[in-house]
Amino acid sequence: PGLTNDWSIGLVAYAHNTPLQAVIDDIRFSGNLKANIKEERLIGSVRLVAKTSPLDKLVSHIPMLAGSSGSIGRSVLRINAEGSKLAELIETSRLHYRIEDARLTLPKGTHLDINNATIEASIATELKLNVDGVLLDVPLSAQIYTSPLQALIQQQAWLVRMQVNSPAVQLNLNGELPSGL
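Here's a quick rundown of the structure. (Residues numbered from 1 in each chain as written. Predicted model: local features only at pLDDT ≥ 70, side-chain atom pairs only at ≥ 80, totals over all residues. Heavy atoms only, no water.)

All right, on to the overall build of the chain then. In terms of helices and strands, the chain carries three helices and eleven strands. Scanning the chain from its N terminus toward the C terminus, one meets helices and strands in the order β-β-β-β-α-β-α-β-β-β-β-α-β-β. Nonlocal contacts in the chain, meaning residues at least 24 apart in sequence, comprise 35% of its contacts between residues at least 6 apart. For the chain, the exposed surface amounts to about 11500 Å²; the carbon and sulfur share of it is 57%. (Helix = DSSP H or I, 4+ residues; strand = E, 2+ residues; numbered from the N terminus. Contact = heavy atoms within 4.5 Å. Areas by Shrake-Rupley, 256 points an atom, 1.4 Å probe, with all protein chains shown as cover.)

Quick look at the structure:
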């Protein structure tokens, strides 16, 4: 099935620093958009913050977490890009998303408390996900690295490396997901 998102963005232009509101997967963000033009290149950044938000819709996009529910205490989304053409803006864009104080209840009722989680991604560089939290009353940290998003868009195989560390288990996985969206 295709993924769809309802995006609602309000934008009022004030010089080079503009207030911004967005609703992404039922998470209400507010923040600002900064943009400058230097030597015919747009240099832009977005910083959005959300407090006490539902996590259900966001995690529903991850097949193994579908049916989970939860909430986020606070999250910060930053996007930076620069370029003189739309394609260049997309190519240079960098996304950083941080979640703090979240609780996820998996479909079978197991709780994952997330102290901090960060996602860093761009079209051309490796996607990185770091999670620090508690699962089944056991502290854990996990790092996941995948092929760049460009590989997924170009329907190439997606390489995944995962490392989980906790007092109960040490786990290292390397794998490949099938090509295509």
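The next subject is the pattern of salt bridges. Under the definition given, this model contains six salt bridges. Between E100 and R74 there is a salt bridge; the shortest N-O distance is 3.6 Å. With E100 in strand 6 (residues 94-105) and R74 in strand 5 (residues 69-83), the pair connects residues that are 26 residues apart, well separated along the chain. Taking the relative accessible area as the measure of exposure, R74 reaches 28% and is therefore partly exposed. The residue E100 makes a salt bridge to R98 at a minimum N-O spacing of 2.9 Å. The exposure class assigned to E100 is buried, which follows from its relative accessible area of 19%. With a relative accessible area of 30%, R98 lands in the partly exposed category. Look at the salt bridges and you will find they share partners, linking R41, E82 and E88 into a network. (Salt bridge = Lys/Arg side-chain N within 4 Å of Asp/Glu carboxyl O. Buried < 20%, exposed > 50% of the residue type's maximum accessible area, 1.4 Å probe, protein only.)

The subject of this paragraph is the side chain of S147. Along the chain, the position of S147 falls in the loop between strand 9 (138-146) and helix 3 (149-153). What makes S147 buried here is its relative accessible area of 11%. In this structure the side chain of S147 is engaged in a polar contact, spanning 2.8 Å, whose partner is the backbone nitrogen of L159. Excluding anything up to four places from it in sequence, S147 contacts L127, A157, W158 and L159. (Polar contact = N/O pair within 3.5 Å; in protein donor to acceptor, adjacent residues only side chain to side chain.)

The subject of this paragraph is a nonpolar patch on the surface. On the surface, a nonpolar cluster with roughly 220 Å² of combined accessible area is contributed by V169, L171 and L173. As for its position among the elements, V169 is in the loop between strand 10 (158-165) and strand 11 (170-177). (Patch = residues over 30% accessible without salt bridge, like charges linked within 9 Å, V, L, I, M, F, W, Y side chains within 5 Å.)

This part takes up the environment of A142. When you line up the elements, A142 lands in strand 9. According to the relative accessible area criterion, A142 is buried, its value standing at 11%. Measuring from C-alpha to C-alpha, the distance between A142 and A117 comes to 9.3 Å, with 25 residues separating the pair along the chain.

Bridging between strand 2 (residues 17-24) and strand 3 (residues 27-38) involves eight bridges; their strand directions are antiparallel. Within strand 3, the residue paired with L20 across the bridge is G31. The turn linking strand 2 back onto strand 3 is made up of two residues, and D25 within it adopts a positive phi angle of 50°. (Pairing = 2+ DSSP bridges.)

Turning next to the nonpolar core. Counting 21 residues, the largest nonpolar core has F29, L48, I72 and Y97 as the members making the most contacts within it. Put simply, the parts of the chain that give this core at least two residues each are strand 2, strand 3, strand 4 (41-54), strand 5, strand 6 and strand 7 (111-122). Ranked by residues supplied to this core, first place goes to strand 6 with four residues. Among all residues touching F29, those that are not within four sequence positions of it are L20, Q21, A22, I24, L48, V49, A50, S75, L77 and Y97. (Core = buried A, V, L, I, M, F, W, Y, C linked by side-chain atoms within 4.5 Å.)

Shape descriptors only; they carry no functional weight alone.
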